[in-house]
Amino acid sequence: MTLAPSPRSDADPLTQVREQAHQALDLWLDGLAPLLGGDQPPTLSALSDHFFASRPQLLGSCQQAVLDHIVDTYGQLTRTDCPHCGRRLYRKRWEEKQITTLHGTAQLRRPYFYCAECRRGFHPLDRALELAAETYQYDVQQKVASLASELPYTAAVRQLESVAGVKVGEHMSHDCVNRLAKAITLEMVLPDRGEIERRIAAASTPEEKPVLVVAVDGAMAPVRPPGGHTEKRGPGLWREAKGFRLYLSCGDGRIDSLASWHQIESAEQLGKDLAVAASRIPLEKVEVALVGDGAAWVWNTMVGAFPEAHQVLDYYHCCEHLWTVALLQQPDDETAQAWVDATLTRLSMEQLPHVIGGLRRTQPVSQEAAVEIEKLIGYLSTHRDRLGYDEAKAIGLPIGSGGIESAHKFIVQTRLKRSGAWWLEPNGNGMLRLRCAMVNSTFDRVFRNYVKLCQKSLSDRNE
């Protein structure tokens, strides 16, 4: 809806704003008198503290002056058309709304219209200004969500008050994050194809394509069942937050992260999510390497999305399996170390048949050792085409899955695994989506989409 300005005779359309702003500035300057009237000048810290504490008073008054000007200029509607049915409507009344932004609190007086045919009420000025339904406006909500994605809710609201001078409640922070999280989708969190192509182009050289590493794994997250007002919640439990990370492996050992995604969901759903990410990758411009541990669901997920990629079994995961047998079978650590080193050398040189042959000829020293030897034979046989570590390093492929392990830490564990924290699964997933948006540098886009959806919801619902 477009609002036309009311006819004005002022030569300067901001005369009213200037007058109110000057009055606010005079009051603010009067507040400096106690600091400047003593025998000694104030310290810079004292001045800074005063400026910070009095900022909402000054900026809030200026904000109020601008809003008053907007109401006088654009809010003097006596009639308008219903945005739903087009029926001509006449103003019912004026309504007050208190709003709080990062710059202070203000009162907004705006006209209200009601369509009896549609049974809907609306404020044209709210739509023009993109006001949030809540008292705290979108700029505050954006800061709250950003801080709460990194800190517990109590710490987030304290930090907001400390750095911005805006005081909000812990429940407001919690509700704000959950509203935003419901609007976040995988498609919005992932960088678009254009951004991914730009990042790949920056990492490319005329001689070779960059290596795109795809890693999948899971990290345990604490969840709890919902409880009512009079019912106990019941014991918490641990669920696996499955995720993927796509990153470019740079020649100097650095990694350039492209996209990360974690959710408490099934392997099947993660496979569908990874396929969406794969559809945004220009495969002709990269060499794709899949790196994972020995879990079948990990490889099914990655190969399903990138069937033509190089496959590398995580070197360190393989080492763990070798050490399990070595410590059971060898008499001392030095002998165990020598056996592990020799076996890894053979595997790196693609001499798997020799390794398996040696394991089959080994005489187990115990029943436990016999079981682990059979497990190791099955493990190596299953991943026989993923063990050529020397060749992988020669062509610039990574041999370790540290990229996804670190993603577990800075996406899942940093926020969800805090002392005493137990999450309702939908809320935990919402926080993971929010954190992925922050990590992928798509938070601003996600938040703009959230504002758009909120405005549409306000337009569609009865008020």
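Conventions used here
- Position numbers for residues start from 1 in each chain and track the written sequence from start to end.
- Local features in this predicted model are restricted to residues of pLDDT 70 or higher, and side-chain atom pairs are both shown and tallied only at a pLDDT of 80 or more, whereas totals for entire chains, interfaces and linings draw on every residue.
- Note that the side-chain values use all heavy atoms of the structure and ignore hydrogens as well as water.
- Under the scheme used here, helices are H or I runs from DSSP no shorter than 4 residues and strands are E runs no shorter than 2 residues, and both carry numbers assigned from the N terminus.
- Exposed residues in this analysis have more than 50% of their type's maximum accessible area, buried residues have under 20%, and partly exposed residues fall in between, with area computed by a 1.4 Å probe over protein chains only.
- In what follows, a contact means two residues having at least one pair of non-hydrogen atoms within 4.5 Å.
- The term salt bridge refers to a side-chain nitrogen of Lys or Arg lying within 4 Å of a carboxyl oxygen of Asp or Glu.
- At least two bridges found by DSSP between two strands are what make those strands a pair.
- Axis lines are fitted through C-alpha atoms, for helices just across the contact stretch, and the angle between N-to-C directions can take any value from 0 to 180 degrees.

Colleague: Describe the environment of glutamate 391, with residues and values.
Modeller: Relative to the helices and strands, glutamate 391 resides in helix α16 (residues 389–394). Residue class for glutamate 391 comes out partly exposed when judged on its relative accessible area of 45%. Counting along the chain gives 345 residues from glutamate 391 to alanine 46, while the straight-line C-alpha distance between them is 65 Å. Contacts of glutamate 391, omitting those with residues within four sequence positions, involve Ser348 and Glu350.

Colleague: So, the environment of glutamine 20: which residues are in play, and what are the values?
Modeller: On the secondary structure map, glutamine 20 appears in helix α1 (residues 15–30). If sequence neighbours within four positions are ignored, glutamine 20 has contacts with Ala65 and Asp68.

Colleague: Break down the pattern of salt bridges for me, citing the residues and quoting the values.
Modeller: Taken as a whole, this structure holds 13 salt bridges when the rule is applied. Put simply, aspartate 256 and arginine 199 hold a salt bridge, and the shortest N to O gap is 2.7 Å. Taken together, the positions of aspartate 256 in strand β8 (residues 255–264) and arginine 199 in helix α9 (residues 193–203) put the pair 57 residues apart, joining distant regions of the chain. Looking at aspartate 256, the relative accessible area reads 22%, which means it is partly exposed. According to the relative accessible area criterion, arginine 199 is partly exposed, its value standing at 24%. For lysine 242, the salt bridge identified is with glutamate 240, shortest N-O distance 3.1 Å. Residue classification places lysine 242 among the buried positions, given a relative accessible area of 12%. The class for glutamate 240 is partly exposed, based on a relative accessible area of 25%.

Colleague: Outline the sheet that holds strand β9 (residues 287–292), listing residues and values.
Modeller: If you trace the five strands from one edge of the open sheet to the other, you get β8-β7-β6-β9-β10, paired in mixed fashion. Bordering the open sheet on either side are β8 and β10 (310–313), each of which pairs with just one other strand. Neighbour-to-neighbour, the strand axes of the sheet open up by a mean angle of 25°, direction not taken into account. Where strand β7 (residues 237–249) meets β8, nine bridges bridge the pair, whose relative direction is antiparallel. Across the sheet, serine 249 pairs through a bridge with isoleucine 255, a residue of β8.

Interpretation in functional terms is not warranted from these geometric data alone.
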